[in-house]
Amino acid sequence: MSTTPHTTTSLPSDTPDTPSTPIQDDPEDTHEPPVSVPDSGDTGEGGKLKMIVQLVKKCLGVKDIAAMRLSLPASLLEPIPNLEFSHFLDRPDYFAAINDHEDPFERMLAVVRYSLTKDLKFIHGKICKPYNSVLGEHFRAHWDVAPLAYPSPASPVPLSCTITPSNSGVGPTSPIIPDSLSETASIKSGKSSKSTRSGLSFLSLSRNSPGGSTSTVATSPQLPSDNYLAAHMSNLNLTASNGTPNANNNNNVNNRNKLVRIAYLTEQVSHHPPISAYYALCPSRHLELCGIDQISAKVSGTTLRVVAGDFNRGIHVRVTGGHGEGELYRVTHPVANVNGILRGSFYLTVSESTIVTCSMIEGKGKGGGRRFRTVIEYKEESWLGRPHFLVEGVIHVVHDGETQHEEWTKVKHVPRSRVVAVFEGTWRGKIKWKRVGMGSYPQTIIESTRSSPAPSHEHLPLPSINPVAASSQLDVSDGEMIMDKEHEWQSLIDVSELRVVPKVVRAVERQLPDESRRLWESVTRNLVEKRYGEATKEKQTIEQRQRDDAAERRRKGVEFVPKYFEQTYKEGGIPVLTEDGWKALKEELGEEVSIDGAWVGRV
């Protein structure tokens, strides 16, 4: 598969101006020691809770906790590097499906589905603290997924198939662990020189928290045995989300040919403030995903409020070919609230809105002047009672050259005449949607309906674009659409039925010294084996090495330069890969794939 580097893309007109906040070289530019919490020596839940309370006290009144120089005892950390933890691709198959549809409205629906699944780990798992990334650290991985299927007009929701480890057989040793443990806790170095698959969700499941997710303090998992690891890596097979095996699952070559590969690369480009850049490619579906990951956090009462940082403009999805060639989608981030801090019973709620916009890359695409925009509004939780995790949203029409829609950040802001679809439900479970009016259909369908000689007696022709569109029976009466009540609401997605798709990562011995798993290998192993004192020492060694490197740069009068991303990440939130960045992604795209325990070449 060939991938051609892109030149810098001009930003859509509704992208905010570049913030004036300067980027400093790194943490160590300030010579003050980091804020630290002493290790209580008690590795039980009570000891961890005491340390968390001490940490909260130190953070009270701090404007941005994410920008603090903070050093935590290793026992409070989850054994996973931050760059591996945050990638917005928990369901890469939904990302790969964005460009499947000829109809632009269907493509917008696909982007909405992706937006609701990108952080699945926070729905089915516990809140945890990964390692702080060091300057120049990078991480790369890939996913091999079966494309989403649209089996019949009676199935409004796409059928997803994912590669999952088998329960029997022998295969290359992998850092995979039991479902009850965390994905990242399993970062045990593989013995094979081949790529190894990381485990399932790195967030432990619990029945005690709201909505069925964990609400306990992050704990370090037990190390699984080598026999268990080997057994669970064994055979990889294609399995439908409902557990039904794929019909061709016994044919390695056929399975390989049906897979879609997504390659991913991220690098820590600044340490103060902490900023990373990321880029993902799916060449077979003409899709690219990129952005700047930066957060700002503040303690408010007993809640930790996390928002996007100044340089974080959201997730950018670029369509480079196929049906939506030239489209550029931007998915902004809502506000995350970590609750239950003082009780040590963490759970996540979401507030504010996610805005999904669609613009055209300058000089590309078919244009047309009419686009779709989505407002996903997360409802505020009540102070009393259990949280409900409700969400509602609208898809509406915008036209090139307009700017008034930039102020429409909530459902109630959008004029009814602009709305073409609505949806509602819970972002931790089922969400349903329905069309409103005729605006969601292609213009040719609308025009043919308007010219009908007797609209009150004619059925609206159903467009042959997707089974989802055909599932609503629509009549035209007095210029308004009347929906068949039985088909008014359709299922958009059921997040409760989905699980995190495990990533494939090269074995540690094949990684570079500043690659995440290799860089933090000693800390991870000590944490997994519950040697917290040794883990803290190894962590402090890495942190001191970073300070020494920064001091050496100051002595020489040089600035840090990222290896995989250009410095233009400061200008607008869309990172640009360097030659080394494109090379790393191409190498990841060319990694071999394993199905049913056999290495069968490349996707």
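Residues numbered from 1 in each chain as written. Predicted model: local features only at pLDDT ≥ 70, side-chain atom pairs only at ≥ 80, totals over all residues. Heavy atoms only, no water.

Here we look at the overall build of the chain
From N to C terminus, the chain includes 13 helices and 25 strands. Here the chain, with 603 residues, has 57% of them falling under the buried criterion. When contacts within the chain are restricted to residue pairs at least 6 apart in sequence, long-range pairs at least 24 apart make up 69% of them. For the chain, the exposed area adds up to about 25,200 Å²; of that, 50% sits on carbon and sulfur atoms. (Helix = DSSP H or I, 4+ residues; strand = E, 2+ residues; numbered from the N terminus. Buried < 20%, exposed > 50% of the residue type's maximum accessible area, 1.4 Å probe, protein only. Contact = heavy atoms within 4.5 Å. Areas by Shrake-Rupley, 256 points an atom, 1.4 Å probe, with all protein chains shown as cover.)

Digging into the pattern of salt bridges
Counted under the stated rule, the structure contains 29 salt bridges. With a shortest N-O distance of 3.8 Å, Lys434 and Glu488 are connected by a salt bridge. Here Lys434 is found in strand S19 (residues 430-435), whereas its partner Glu488 is found in the loop between strand S21 (480-483) and strand S22 (490-494), with 54 residues between them in sequence. As far as burial versus exposure is concerned, Lys434 and Glu488 are alike and both buried. Between Glu515 and Arg506 there is a salt bridge, with the nearest N and O atoms lying 2.6 Å from each other. Assigned by exposure class, Glu515 and Arg506 land together as buried. (Salt bridge = Lys/Arg side-chain N within 4 Å of Asp/Glu carboxyl O.)

Regarding the confidence of the model for the chain
Predicted coordinates in regions of low pLDDT should not be interpreted in detail. Confidence in the prediction of the chain, expressed as mean pLDDT, is 73, and 60% of residues score 70 or more. Below a pLDDT of 50 lies the segment residues 163-193, which in the model reaches 123 contacts outside its immediate sequence neighbourhood of four places, other chains included. (pLDDT = per-residue confidence, 0-100.)

Regarding the packing of aromatic side chains
Considering all chains together, one arrives at 11 aromatic pairs under this definition. Aromatic pair Phe88 and Tyr278: ring centres 5.5 Å apart, planes at 50°, arrangement tilted. Highlighted residues: Phe88 in the loop between helix H2 (82-85) and helix H3 (92-96) and Tyr278 in strand S8 (residues 274-282), separated in sequence by 190 residues. Both residues of the pair, Phe88 and Tyr278, count as buried. Ring pairing ties together the aromatic residues Phe88, Trp143, Tyr264 and Tyr278, which thus form one cluster. Sitting over the face of the ring of Phe85, Lys121 holds its NZ or CZ atom 5.6 Å from the ring centroid. The ring centre of Trp489 lies 4.7 Å from the NZ or CZ of Lys432, which sits over that ring. (Phe/Tyr/Trp six-rings, centres within 6.5 Å; stacked < 30°, edge-to-face > 60°. Lys NZ or Arg CZ within 6 Å of the ring centre and 35° of its normal.)

Focus on helix H12 (residues 532-556)
With 25 residues, H12 should cover 36 Å at 1.5 Å per step; its first-to-last C-alpha distance of 36 Å lies within 8% of that length. Listed in full, the buried residues belonging to H12 are Tyr532, Ala535, Thr536, Lys539, Ile542, Glu543, Gln546, Ala550 and Arg553. Just beyond H12, the residue with positive phi is Gly557, at close to 70°. (Expected span 1.5 Å × (residues − 1).)

Brief notes about the environment of Glu325
Along the chain, the position of Glu325 falls in the loop between strand S12 (315-319) and strand S13 (327-331). Considered as a pair, Glu325 and Leu287 are 38 residues apart in the sequence and their alpha carbons are 9.3 Å apart.

A word on the pairing of strand S18 (residues 419-426)
One ladder, built from 7 bridges, connects strand S17 (residues 390-399) with S18; its direction is antiparallel. Paired with Val391 across the bridge in S18 is Gly425. For S18 and S19, the ladder comprises 5 bridges, and the chain directions are antiparallel. Residue pairing across strands places Phe423 opposite Trp433, the latter belonging to S19. Once S18 ends, the chain turns through 3 residues before running back antiparallel as S19. (Pairing = 2+ DSSP bridges.)

Observations regarding the nonpolar core
Formed by 58 residues in total, the largest nonpolar core has its most connected members in Leu89, Phe95, Ile262, Leu289, Tyr329 and Ile395. Considering each element in turn, this core owes the most residues, 7 residues, to helix H4 (residues 104-117). Those residues in contact with Leu89 that sit more than four places away from it in its chain are Phe95, Tyr114, Lys118, Trp143, Ile262, Tyr264, Ala280 and Leu289. Grouped together as the second largest cluster of nonpolar side chains are 21 residues, Val269, Tyr279, Leu328 and Leu589 included. (Core = buried A, V, L, I, M, F, W, Y, C linked by side-chain atoms within 4.5 Å.)

Description of the pairing of strand S11 (residues 303-308)
Looking down a regular strand, the side chains alternate between one sheet face and the other. Both strand S10 (residues 295-300) and S11 contribute to a ladder of 6 bridges, which runs antiparallel. Opposite Val299, over in S11, you have Leu304 as the bridge partner. The hairpin turn running from S10 into S11, its antiparallel successor, is 2 residues long, and Gly301 in that turn takes a positive phi close to 65°. The sheet contact formed by S11 and strand S14 (residues 335-339) spans 3 bridges and is antiparallel. Looking at the pairing, Arg305 lines up with Asn337 of S14.

Observations regarding the environment of Trp489
Within the secondary structure, Trp489 sits in the loop between S21 and S22. Under the relative-accessibility criterion, Trp489 is labelled partly exposed at 29%. Through-space distance from the C-alpha of Trp489 to that of Lys434 is 4.9 Å; in sequence the pair is 55 residues apart. Every residue in contact with Trp489, bar those within four places of it in the chain, is listed here: Val422, Phe423, Glu424, Lys432, Trp433 and Lys434.

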